[in-house]
Amino acid sequence: MGKSNIHIFAHSKDLKQHLGILLKGRGRIFVLADSNTAEHCLPLIQDMLPLDGKDTMLMAVEAGEEGKNLQGAMDLYNQLIDYGADRNSLLINLGGGMVCDLGGFVASTYKRGIDFIHLPTTVLAQVDASIGGKTGVNLGLLKNMVGTFTQAQETLIYPEFLNTLPKNEVMSGFAEILKHALIADQELWKILSSADYVDLPLIKSVIPRALKIKEDIVNRDFKEQGERKKLNFGHTIGHALESLILESPERDLLHGEAVALGMICECYLSMKSKGISNDELDRICSFIALHFKGIELNRMQFHRVIEIMRHDKKNKQARINFTLLHGIGASIVDQEPEMEHIMEALGYLERYPFPS
Ligand SMILES: NC(=O)c1ccc[n+]([C@@H]2O[C@H](COP(=O)([O-])OP(=O)(O)OC[C@H]3O[C@@H](n4cnc5c(N)ncnc54)[C@H](O)[C@@H]3O)[C@@H](O)[C@H]2O)c1
């Protein structure tokens, strides 16, 4: 299983030097990038990787979740075969969570596994998706249904990649940072909630602290038998909202935006089970409403959200499984709130006064 091996680089010369050491003596090197990271991030490291198709080969995929499926994996297996990838080859995943999940899945299954490293280029991937060894692809609308638990050989964090990331993608990743604070780090919550602005410099400054929360949890519970479920806070309802929007023509809710809305509902559930106070609920929800957009929901959709949640792969025996808070910075797994309270939580979100 292996522990995580994460390095953070403030300067490109240090990143390049480290990459040079990693690549020495390897067989063929494959770089997986999507159309945006090939344009914006590859140039920052390209002088380390002569992409001549001889020793180092670029495999480019379209940006977006649509390519994260078995067909996308198949295309990559075929390219690896065509260009002679063997057990000594290395795959570098240069991208957000989509590239890390897809590339990690392909590397961990091709020839029963070749080494891969992650170079995450989104906030979400730097604090979450590149850490913890979950790889996978979607089956239709079912997210991450096929995958493996395989640690990257190394994850190299270079926050300067984030300079070209669109604002909504930055904020989507910020939702996961906020989640890490709420489940395990009261001090981080204080830093975030007392900042004058939530902007890229603030986010870059807290990335090391935020990723360490996930790293520590995963090192203690790699296969999600217990504590790792804490990381699912906000995701039970968040994933269901994400799927609901995917079924609609708008399809304009990013993963982190859905998690932020899920956290509003799940904070309400935490208050109902007397874990957090009304004051804490107010402070967390008003902070989320200040930084994220709301959602329009009707009663019919409440039932659909619940139906989707019933199919969540985290459930046991059809009970809907939640992680809830029992204070800011403290969380508890395997909670099964009353259905009546889940409906109330969706109503609380629907009525919440978002400023914009
Ligand atoms: N394995 C895990 O533990 C884990 C955890 C959370 C999420 N995920 C997965 O991660 C995925 C979401 O990841 P994401 O939010 O990073 O999305 P993403 O990888 O789709 O990236 C979002 C967008 O930003 C673009 N982009 C990436 N880096 C850029 C940069 N530096 N400059 C400009 N554009 C850039 C991408 O091309 C894409 O259009 C989902 O598939 C989700 O299931 C996995």
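Residues numbered from 1 in each chain as written. Predicted model: local features only at pLDDT ≥ 70, side-chain atom pairs only at ≥ 80, totals over all residues. Heavy atoms only, no water.

1. Here's the deal with the nonpolar core
Grouped together as the largest cluster of nonpolar side chains are 77 residues, with contacts concentrated most on Ile-177 and Leu-192. Here this core gathers at least three residues from each of two domains, domain 1 (6-164) and domain 2 (167-351). If we ignore the near neighbours within four places in the chain, the residues touching Leu-192 are Phe-174, Ile-177, Leu-178, Ala-181, Leu-202, Val-206 and Phe-287. (Core = buried A, V, L, I, M, F, W, Y, C linked by side-chain atoms within 4.5 Å. Buried < 20%, exposed > 50% of the residue type's maximum accessible area, 1.4 Å probe, protein only. Domains from an automatic or database assignment. Contact = heavy atoms within 4.5 Å.)

2. Some details on the site of the ligand
The environment of the ligand is formed by 26 residues, the closest being Asp-34, Glu-65, Lys-68, Thr-122 and Thr-164. Residue Asp-101 places a side-chain N or O atom 2.9 Å away from a nitrogen atom belonging to the ligand. In the model, an oxygen atom of the ligand is placed 3.4 Å from a nitrogen or oxygen of the Asn-144 side chain. Burial of the ligand by the protein amounts to 90% of the accessible area it has alone, namely 860 Å². (Near = heavy atom within 4 Å. Polar contact = N/O pair within 3.5 Å; in protein donor to acceptor, adjacent residues only side chain to side chain. Areas by Shrake-Rupley, 256 points an atom, 1.4 Å probe, with all protein chains shown as cover.)

3. Quick notes on the environment of Thr-109
Examined against the element boundaries, Thr-109 turns out to sit in helix H5 (residues 97-109). Along the primary structure Thr-109 and Gln-225 are separated by 116 residues, whereas in three dimensions their C-alpha atoms are 23 Å apart. Non-local contacts of Thr-109, meaning those with residues more than four positions away in its chain, are made with Tyr-77 and Thr-148. For Thr-109, the side chain forms a polar contact with the main-chain oxygen of Phe-105, separated by 2.7 Å. (Helix = DSSP H or I, 4+ residues; strand = E, 2+ residues; numbered from the N terminus.)

4. Considering the side chain of Thr-155
Relative to the helices and strands, Thr-155 resides in strand E8 (residues 154-157). We classify Thr-155 as buried; its relative accessible area is 4%. A polar contact of 3.0 Å, which involves the side chain of Thr-155, links it to the backbone oxygen of Ser-130. Setting aside residues no more than four positions away along its own chain, Thr-155 makes contact with Asn-5, Ile-6, His-7, His-118, Pro-120 and Ser-130.

5. So, the sheet that holds strand E3 (residues 56-61)
Within the open sheet, the six strands sit side by side as E1-E8-E5-E4-E2-E3. Their pairing is parallel. Strands with a single pairing partner mark the edges of an open sheet, and in this sheet they are strand E1 (6-8) and E3. Each strand axis lies, on average, 20° off the axis of its neighbour in the sheet, ignoring direction. Here H5 sits on the sheet and contacts strand E2 (29-34), E3, strand E4 (90-95) and strand E5 (115-120); the angle it forms with E4, its principal contact strand, is near 165°. Relative to E1, helix H9 (residues 200-220) is tilted by about 175°, and along the sheet it contacts E1 and E8. (Pairing = 2+ DSSP bridges. Axes fitted to C-alpha atoms, helices over the stretch in contact; angles between N-to-C directions.)

6. Comments concerning the pattern of salt bridges
Within this structure, the stated rule accounts for 23 salt bridges. With its nearest N and O atoms 3.0 Å apart, the salt bridge here joins Arg-26 to Asp-115. Of this pair, Arg-26 sits in the loop between helix H1 (12-23) and E2 while Asp-115 sits in strand E5, and the two are 89 residues apart along the sequence. We classify Asp-115 as partly exposed; its relative accessible area is 31%. Note that Arg-304 is salt-bridged to Glu-247, the shortest N-O span being 2.5 Å. Of the two residues, Arg-304 is situated in helix H13 (residues 299-310) and Glu-247 in the loop between helix H10 (235-246) and helix H11 (255-272); the sequence distance between them amounts to 57 residues. For Arg-304, a relative accessible area of 29% puts it in the partly exposed group. Taking relative accessible area as the criterion, Glu-247 reaches 41% and is therefore assigned partly exposed. Bridged by salt links that share partners, the residues Glu-65, Lys-68, Asp-101, Lys-143 and Glu-242 form one connected network. (Salt bridge = Lys/Arg side-chain N within 4 Å of Asp/Glu carboxyl O.)

7. A few points about the packing of aromatic side chains
All chains considered together, the criterion is met by eight aromatic pairs. Here Trp-189 and Phe-287 contribute two aromatic rings whose centre-to-centre distance is 5.5 Å and whose plane-to-plane angle is 75°, an arrangement assigned as edge-to-face. Of this pair, Trp-189 sits in helix H8 (residues 186-194) while Phe-287 is found in helix H12 (residues 278-291), placing the two residues 98 residues apart along the sequence. Given the relative accessible area of 7%, Phe-287 is considered buried. Site record: aromatic cluster; members linked through ring pairs are Phe-174, Trp-189, Phe-287 and Phe-292. (Phe/Tyr/Trp six-rings, centres within 6.5 Å; stacked < 30°, edge-to-face > 60°.)

8. Describing the packing of H13 against helix H14 (residues 339-351)
In contact at an axis separation of 11 Å, H13 and H14 are set at 125° when each is read in the N-to-C sense. One finds that H13 runs oblique with respect to H14. Between H13 and H14 lies a crossing of right-handed hand. Listed contacts from H14 to Arg-299, Phe-302, His-303, Val-305, Ile-306, Met-309 and Arg-310 of H13 are Met-339, Ile-342, Met-343, Leu-346, Gly-347 and Glu-350. The residue inventory of the contact of H13 with H14, partitioned by class, reads eight nonpolar, two polar and three charged. (Parallel < 35°, antiparallel > 145°, perpendicular 65-115°, else oblique. Left-handed = near helix turned anticlockwise from the far one by under 90°. Nonpolar A, V, L, I, M, F, W, Y, C, P; charged D, E, K, R; others polar.)

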